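Spelled out, the chains give:
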Amino acid sequence: MLRKDPLNSALNPAVIKEFSMAKKFTDNKAAVSSLDYNMTGTFCITTSLDESLRIYDCLRGTREQVLYSKKYGCNLAQFTSQPGYVAYASTKINDTIRYLSFETNQYLRYFVGHSGFVTSLQRNPEGNFLMSAAMDGTVRLWDLNVVNPTGTVDIGGRNGGVSAAYDPSGMVVAVAVDSSQIQLLDIRELSRGAFSSWSIGSAKTTGGSSSPAVVSGIKFVPPLGDFLMLAMTDGTSQIWNTQTGDFVASLTSSGHASVDENPRDTVAIDNMKQSFLGQNISITPDGKSVLYGCRNGNIAYWDVSQVLLGQTDAGAQPKAVSPDGLWSGSHTGPVGVCAFNPFVMECFTAATSLSIWSLR
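Every value quoted in this text rests on a predicted model; they were computed, and no experiment measured them. (Residues numbered from 1 in each chain as written. Predicted model: local features only at pLDDT ≥ 70, side-chain atom pairs only at ≥ 80, totals over all residues. Heavy atoms only, no water.)

**A short note on the pattern of salt bridges**
- For the coordinates displayed, the defined rule picks out seven salt bridges.
- Here R54 and D27 are joined by a salt bridge, their closest N and O atoms 2.7 Å apart. Highlighted residues: R54 in strand β4 (residues 52–57) and D27 in the loop between β1 (19–25) and β2 (32–37), separated in sequence by 27 residues. Taken individually, R54 and D27 each receive the classification buried, so the pair is uniform in this respect.
- Of the charged contacts, one joins R188 and D186 as a salt bridge, the two residues approaching to 3.0 Å between their closest N and O atoms.
- Taken together, the salt bridges that share partners define one network made up of D27, D50, R54 and R63. (Salt bridge = Lys/Arg side-chain N within 4 Å of Asp/Glu carboxyl O. Helix = DSSP H or I, 4+ residues; strand = E, 2+ residues; numbered from the N terminus. Buried < 20%, exposed > 50% of the residue type's maximum accessible area, 1.4 Å probe, protein only.)

Following this line, the structure appears as structure tokens:
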């Protein structure tokens, strides 16, 4: 079934509540851990804890290909600008990023350098570079045609976690360091460190937990990147102003449950993995709606357009925001992946099953 492009269909917060499940896949043997769309939104690729990589046709709603990475494991797969190739992070043996032809099932290149679990992997908007962050406390930039990183910066985060994301321009990387600080890095001057930073310590327990939460994932809010979204292990999602460093809002719901029950007994990466490395949070291309995969199997959604309106001034007070509604009835377990297609009017969500949501 072909779906409409948002350029021809008005994408706005009111439309989100009209979505319903269009198709469901149950072929994964374990939970889906990540999803990425190609550069036109016509295909997506998932990784799973069953160590499979699966490619789907987003327009026709069909599964096209299944590959396995049994020896090295797989996570955070990313399409690149080179047709037929994907990069993904290893989860076993080592922390190498592997560059794979899914047409021949052969590796073209290995990106070696990280000595800790890779927590973030993202292509730049042009698709010819990758950015990675890992529990070794480093952020690295990779040219797809070069084995060694073209840039590396040691930002810390070995104890409290590290998560990173490109801004919409691909020129700035935001890094959550030790779940206590946000750093903004210019990729042209990566070795010089952060050009802007601020503390997030005062907002780390907004979910009601007495223990500090860990940042499990970080994303810029499109289209301009004036705001950051943090996925937290205390069951909240937080919005921060990148211009002022102000805490803008906390998104919470009953299904937005914490997984951080015994933080003193587990290291940060364990909590980050339990919170899906932030793969369960998505922002619509217009930057007005946030969707979150909940642990009770629902998908909560928020209209954040009014929350962000007028929040470019320093000193604005943060708001606690409840969801505007839920998508329900698709998943029976925790939703670890939620990804709104940046080009097509649809959203993929996944627990062990994978669902496609679109307009009724």
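**Side note on the sheet that holds β4**
- A sheet is described by the order of its strands in space; here four strands give the open sequence β2-β3-β4-β5, paired in antiparallel fashion. Every interior strand has two partners, whereas the edge strands, β2 and β5 (62–68), have only one. Each adjacent strand pair in this sheet contributes to an overall mean axis angle of 20 degrees, direction not counted.
- Note: β4 against β5, six bridges, orientation antiparallel. For Y56, the partnering residue across the bridge sits in β5 and is R63. (Pairing = 2+ DSSP bridges. Axes fitted to C-alpha atoms, helices over the stretch in contact; angles between N-to-C directions.)

**So, the environment of Q122**
- With respect to the helices and strands, Q122 occurs in strand β10 (residues 118–123).
- Linking Q122 and A164, residues 42 residues apart in sequence, is a C-alpha distance of 8.7 Å.
- In contact with Q122, other than residues within four places in its own chain, are Q78, F129, L130, M131, A165 and Y166.
- A distance of 2.9 Å separates the side chain of Q122 from the backbone nitrogen of Y166, its partner in a polar contact. (Contact = heavy atoms within 4.5 Å. Polar contact = N/O pair within 3.5 Å; in protein donor to acceptor, adjacent residues only side chain to side chain.)

**With respect to the nonpolar core**
- One finds F111, L130, M131, V139, I155 and V175 to be the most contacted residues of the largest nonpolar core, which totals 33 residues.
- Secondary structure elements with two or more residues in this core: β7 (85–89), β8 (97–101), β10, β11 (129–134), β12 (138–143), β14 (162–166), β15 (172–177) and α2 (268–274).
- The dominant element in this core, judged by the number of residues it contributes, is β11, at four residues.
- If near-sequence neighbours (up to four positions away) are discounted, F111 is found in contact with T96, I97, Y99, L130, W142, D143, L144, V146 and V147.
- Grouped together as the second largest cluster of nonpolar side chains are 19 residues, V290, C294, V304 and V307 included. (Core = buried A, V, L, I, M, F, W, Y, C linked by side-chain atoms within 4.5 Å.)

**So, the sheet that holds strand β22 (residues 281–283)**
- On the basis of which strands lie adjacent, the open sheet formed by four strands has the order β22-β23-β24-β26 and antiparallel pairing. Strands with a single pairing partner mark the edges of an open sheet, and in this sheet they are β22 and β26 (325–327). On average, adjacent strands in this sheet sit at an angle of 25 degrees to one another, irrespective of strand direction.
- In the sheet, strand β23 (residues 289–293) pairs with strand β24 (residues 299–303) via five bridges, with the strands oriented antiparallel. Bridging from a neighbouring strand, V290 pairs with W302 of β24.

**Some remarks on the packing of aromatic side chains**
- In the structure shown here, the tally under the stated rule is 14 aromatic pairs.
- Summarising the aromatic geometry, the rings of Y85 and Y99 are spaced 5.4 Å apart at their centres and angled 45 degrees between planes, so their arrangement reads as tilted. Of the two residues, Y85 is situated in strand β7 and Y99 in strand β8; the sequence distance between them amounts to 14 residues.
- Relative accessible area serves as the criterion here: at 18%, Y85 is assigned to the buried category.
- Members of the aromatic cluster, joined through ring pairs, are F19, Y301, W327, F340 and W357.
- Above the face of the Y72 ring, R98 is positioned so that its terminal group lies 3.3 Å from the ring centre.
- Over the aromatic face of Y107 sits the side chain of R98, whose NZ or CZ is 5.9 Å from the ring centroid. (Phe/Tyr/Trp six-rings, centres within 6.5 Å; stacked < 30°, edge-to-face > 60°. Lys NZ or Arg CZ within 6 Å of the ring centre and 35° of its normal.)

**Structural notes on the confidence of the model for the protein**
- Here the protein shows a mean pLDDT of 88. Residues at 70 or above account for 88%.
- Mean pLDDT values for the elements of the protein range from 74 in α2 up to 98 in β4.
- For residues 205–209, every residue scores under 50 in pLDDT, and the model assigns this stretch 10 contacts once sequence neighbours within four places are set aside.
- Note that residues 257–266 has pLDDT below 50 and, in this model, 19 contacts with residues that lie over four places away or in other chains. (pLDDT = per-residue confidence, 0-100.)

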